[in-house]
Amino acid sequence: MFRQTLIKLAALNSLILFCLISLLGGTIYIYERTVLYQGSDEILTHASGALASFNGGALVTRDPRLRDPRLSFAILNQNNEVLFSDKMDSLTTDTMKSFLTKTTDQIVEKRVAGYYFHVLVNKIYANKTTLTVYFIINVDPERNLLNTLLSIIWAGLGFGTLLSVVLGYVLARWALRPIQNAWDKQNRFVADASHELRTPLSIIQLKTEGLLRQPKRSIQDTGEDIAVMLDEIRRLSKLVGSLLTLARSDANRLEVSLGPLDLTLMLKKVTEPFAEMADFDEKTFELKLDKKPVIINGDEQRIHQLLVILLDNAMKFTNKGGKIAVSCSQDNKTATLSVSDSGIGISEKDLPHIFDRFFQADASRTDRKGTGLGLAIAQWIVEKHRGRIEADSRPGKGTVFTVHLPLIKKEDKVPQLLRAGEKRRNSNKNGKGKANEQSS
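The shown structure was predicted, so the numbers you read here are calculated from the model rather than taken from an experiment.

1. Description of the side chain of Ser347
Within the secondary structure layout, Ser347 lies in the loop between β10 (334-341) and α8 (374-384). Here the side chain of Ser347 touches Asp350 through a polar contact of 3.0 Å, side chain to side chain.

This is the structure in structure tokens:
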């Protein structure tokens, strides 16, 4: 599909470039022709004004406008016979036959004996007789220059045709690259999603068919199978939610409601249940916060989701006796959030891909199940907040995720901003509640 599109787009680009080159060449030729012939045509025009009437050759030739060495003129009667000429030896009645034209008061080009001339014809009246005056000037020098220019333009047009084909192909590939990347990304996304969805569905189907084959078994006997199905359903629900988030983010349909948010208060609230879980699992949990409020322009729901993703990963990949540390600090312009653990770490080859969708580390290194979408969502959240997220890890030493988010600059108005942000969030919650009541 893309190959045919590439060929069509390359052909269209080449045609457009060829037309532009042709238009440029034609414009240059017309401009140069006008400029080159301007001098000779002015000589003809000025000369035509010198003969208002014919009073004899001696009187005519006194006018300085008729003395240009390149100019020749002849006066013909109604039978096209030469009555007078400034060059009687060359402009005879026979030679003038090649210059005859019915066009008057307009410069025309004539080719006579291999030479090019510009001719201007005027009518004058003498002794109640209409006479025709031919003003003739040789334009061979100008014509030779134009022929040379035309040859250069044709050569340039040939080279430009080849160049336009090459550039058309290059531009077509450049234009299609993001489309093809998006297409490949979508296909990979669909394939990975289908693979991830198939596994829990297969398990649920297998367990359900097992229960149907043994209808007389009690709930107590089938409790383990039911627990496995519920676990897979929860995993499936989480996967579908993550897929929906990423799909909406790709389509720019997922709104982020930014407002003043105290990151320290958010961390205290989010880390409390994780600290309890760490204590239950015999892991050390450490929280280190800045003494001053760390105010960012953030979406409370998305920042909460970001923290849960990072803390969940730290808990999941840290063994008993390990340590999880969370810190938050600020400088002049940036808030820095760090989540570190002393877990199994990430290999050097896997580290560049951890934010890719559906990417999971080597299964032989861990038995923890996941969807491979959490860090991709975390990166999207950070980018939506105009920040950046970094990861540093060594196998067996642990992993550190660092998030940098821009601070709100109005430090002297922090309390007011927080109150305004709290009111806005409460109004959003109330609005959503009312909408849910109406929909129900």
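2. A few points about the sheet that holds strand β5 (residues 129-138)
Taken together, the five strands give an open sheet; going across it, the order is β2-β1-β5-β4-β3, and neighbouring strands pair in antiparallel fashion. Only two strands of the sheet have a single neighbouring strand rather than two, namely β2 (82-85) and β3 (108-112). Averaged over all adjacent pairs, the angle separating strand axes in this sheet is 30 degrees, with direction ignored. Direction of pairing for strand β4 (residues 115-126) relative to β5: antiparallel, over a ladder of 10 bridges. Opposite Leu120, over in β5, you have Phe135 as the bridge partner. Packed onto the sheet, helix α1 (residues 2-48) meets β1 (71-76), β3, β4 and β5 and runs at close to 25 degrees relative to β4.

3. A look at α1
Taking 1.5 Å per residue as the helical rise, α1 with its 47 residues ought to reach 69 Å, and the 66 Å between its terminal C-alpha atoms agrees with that figure. The sharpest bend along α1 measures roughly 45 degrees and falls at Gln38.

4. Describing the packing of helix α7 (residues 300-316) against α8
Closest axis-to-axis distance for the α7/α8 pair is 9 Å, and the angle between their directions is 145 degrees. Between α7 and α8 lies a crossing of left-handed hand. Across the interface between the two elements, Arg302, Gln305, Leu306, Ile309, Leu310 and Asn313 of α7 pack against Gly374, Leu375, Ile377, Ala378, Trp380, Ile381 and Val382 of α8. Looking at the contact of α7 with α8 residue by residue, the class counts come to nine nonpolar, three polar and one charged.

5. Considering the nonpolar core
Soluble globular proteins tend to bury their nonpolar side chains together. Counting 45 residues, the largest nonpolar core has Ile296, Ile303, Leu306, Leu310 and Val403 as its most contacted members. Residue assignment for this core shows that the elements contributing at least two residues are α4 (140-213), α5 (223-250), α6 (263-280), α7, β9 (323-330), β10, α8 and β12 (398-406). Broken down by element, the residue count for this core peaks at eight residues, all from α7. When sequence neighbours within four positions are dropped, the list of residues in contact with Val403 reads Leu306, Leu310, Ala335, Thr336, Leu337, Val382, Arg388 and Ile389.

About the thresholds
- Residues numbered from 1 in each chain as written.
- Predicted model: local features only at pLDDT ≥ 70, side-chain atom pairs only at ≥ 80, totals over all residues.
- Heavy atoms only, no water.
- Helix = DSSP H or I, 4+ residues; strand = E, 2+ residues; numbered from the N terminus.
- Polar contact = N/O pair within 3.5 Å; in protein donor to acceptor, adjacent residues only side chain to side chain.
- Pairing = 2+ DSSP bridges.
- Axes fitted to C-alpha atoms, helices over the stretch in contact; angles between N-to-C directions.
- Contact = heavy atoms within 4.5 Å.
- Expected span 1.5 Å × (residues − 1).
- Bend = angle between axes of the 7 residues up to and from the residue.
- Left-handed = near helix turned anticlockwise from the far one by under 90°.
- Nonpolar A, V, L, I, M, F, W, Y, C, P; charged D, E, K, R; others polar.
- Core = buried A, V, L, I, M, F, W, Y, C linked by side-chain atoms within 4.5 Å.
- Buried < 20%, exposed > 50% of the residue type's maximum accessible area, 1.4 Å probe, protein only.

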